[in-house]
Amino acid sequence: MGPIAERKDGLYTYGDYLKWDDDERWELIDGIAYNMTPAPSRFHQQVSGELVFQLLSYLRNSSCKVYAAPFDVRLPEGDESDEAVRTVVQPDISVICDPSKLDDKGCKGSPDLIVEILSPATARKDMKEKFLRYERAGVKEYWVADPSGKTVSVFKLSGVGLFGRPDVYGEEERIKVGILEDLEIDLKTVFSE
């Protein structure tokens, strides 16, 4: 973790992030470093895998692509260089429909859909810091899956650039994906143990 301790102002960039050589996973939100360890629980991984499976199955012949963590999503504030970007996150699931945002490092710009799966270690960050940053970046849909409550809260970006009140779905329901015309996600299979 050497380079992280050397920063006196406590704010980092993607350029700093690329130099960190430890075995831990990190995210930056507005320049603040967040450690992503420990690894998610088994049920967290199961929920993620089923969501990715359903999205991939639908998008197989589409220009939209689905990526699961770890996958870097850089969210620039403007036209700053890659190295100057102060937010790089690793959402549990990202759907990107604009291929120009994809490069060998991941995604630069706002994904169309982001899913975060709550865990005790990340719930506050997912519901506060990431929520506000995704809203500011213009993510069209932000889903927060709660494995313990077996619910998914779906936030959609309004015409004024803010997330509205969430639609909350339970384990017996299906979610109509707003960014994709006729895809419904079956939560019964997502939350089955």
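This is a predicted model, so every value here is computed, not measured.

What counts and what doesn't
Numbering of residues starts from 1 in every chain and runs along the sequence as written. It should be noted that, the model being predicted, local features are given only for residues of pLDDT at least 70 and side-chain atom pairs only at 80 or more, the latter also being counted only at that level, while totals for whole chains, interfaces and linings use all residues. Only hydrogens and water are set aside when side-chain values are computed; all heavy atoms of the structure are taken into account. In this analysis, rings of Phe, Tyr and Trp, with Trp reduced to its six-membered ring, are considered paired at centre separations within 6.5 Å, and the interplanar angle assigns stacked below 30 degrees, edge-to-face beyond 60, and tilted for intermediate values. Per the convention used, a helix needs a DSSP run of H or I reaching at least four residues, while a strand needs a run of E reaching at least two, with both numbered from the N terminus. Per-residue accessibility, obtained with a 1.4 Å probe over protein chains only, is compared with the maximum for each type, and a residue is labelled buried under 20%, exposed over 50%, and partly exposed between these values. For a helix, the expected span equals 1.5 Å multiplied by the residue count minus one. In what follows, a contact means two residues having at least one pair of non-hydrogen atoms within 4.5 Å. Basic side-chain nitrogens of Lys or Arg form a salt bridge, by our definition, when they fall within 4 Å of a carboxyl oxygen of Asp or Glu. On a range of 0 to 100, pLDDT expresses the predictor's confidence in each residue.

Chemist: Before we move on, could you go through the packing of aromatic side chains and cite the residues and values that matter?
Modeler: For any pair of aromatic rings, the description rests on two quantities: the centre-to-centre distance and the angle between the ring planes. This structure, assessed with the given rule, holds twelve aromatic pairs. Where Y14 meets Y17, the ring centres are 5.6 Å apart and the plane angle is 25 degrees; that geometry is what we call stacked. With Y14 and Y17 both in helix 2 (residues 14–19) and three residues apart, the pair spans about one turn of that helix. An identical accessibility class is assigned to Y14 and Y17; each is buried. By the ring-pair criterion, three or more aromatic residues cluster together here, those being Y12, Y14, Y17, W20 and W26.

Chemist: Account for helix 5 (residues 129–137), naming residues and giving values.
Modeler: Among all positions of helix 5, only E129, K130, F131, R133, Y134 and E135 are buried. Where helix 5 terminates, the next one or two residues include G138, which has phi positive at roughly 90 degrees.

Chemist: Please give an account of helix 3 (residues 42–59) that cites residues and values.
Modeler: Here helix 3 contains 18 residues, and its C-alpha end-to-end distance of 25 Å stays within 8% of the 26 Å for a straight helix at 1.5 Å per residue. Here helix 3 has its buried residues at F43, H44, V47, S48, L51, V52, Q54, L55 and L59. Looking at the packing, one finds that the buried side of helix 3 touches strand 3 (65–68), strand 6 (93–96), strand 9 (113–117), strand 10 (141–146), strand 14 (184–186) and helix 6 (187–190).

Chemist: If you had to explain the pattern of salt bridges to someone new, which residues and values would you point to?
Modeler: Oppositely charged side chains can pair when the atoms bearing their charge come close. Applying the stated rule across the entire model yields 19 salt bridges. Among the salt bridges present, the one from K188 reaches E172, with a minimum N-O distance of 3.4 Å. Taken together, the positions of K188 in helix 6 and E172 in the loop between strand 12 (167–170) and strand 13 (174–176) put the pair 16 residues apart, joining distant regions of the chain. Residue K188 is classed as partly exposed on the basis of its relative accessible area, which comes to 47%. Of the charged contacts in the structure, one is a salt bridge between D186 and R174, with a shortest N-O distance of 3.7 Å. Of this pair, D186 sits in strand 14 while R174 sits in strand 13, and the two are twelve residues apart along the sequence. Take R174: its relative accessible area is 46%, and that puts it in the partly exposed class. Shared partners join several salt bridges into a network, and the residues in it are E27, E116, K125, D126 and K130.

Chemist: Residues and numbers for the environment of A69, please.
Modeler: On the secondary structure map, A69 appears in the loop between strand 3 and strand 4 (73–74). Distance in space between the C-alpha atoms of A69 and M127 is 18 Å, their sequence separation being 58 residues. Setting aside chain neighbours within four positions, we find A69 in contact with R25, Q90, P91 and D92.

Chemist: Can you break down the confidence of the model for the chain residue by residue, with the values?
Modeler: With 94% of its residues at a pLDDT of 70 or more, the chain shows a mean pLDDT of 91. When the criterion is pLDDT under 50, residues 1–8 qualifies, and its contacts beyond four places in sequence or with other chains add up to twelve contacts.

Chemist: Outline unusual backbone geometry, supporting the account with residue identities and numerical values.
Modeler: Cis geometry is adopted by the peptide bond preceding P70, which originates at A69 and carries an omega value of 0 degrees. In this model, D30 sits at a positive phi of 55 degrees, which is unusual for a non-glycine residue. Relative to the elements of secondary structure, D30 occurs in the loop between strand 1 (26–29) and strand 2 (32–35). Residues other than glycine seldom take positive phi values, yet K150 does so here, at roughly 55 degrees. Looking at the element boundaries, K150 is found in the loop between strand 10 and strand 11 (151–156).

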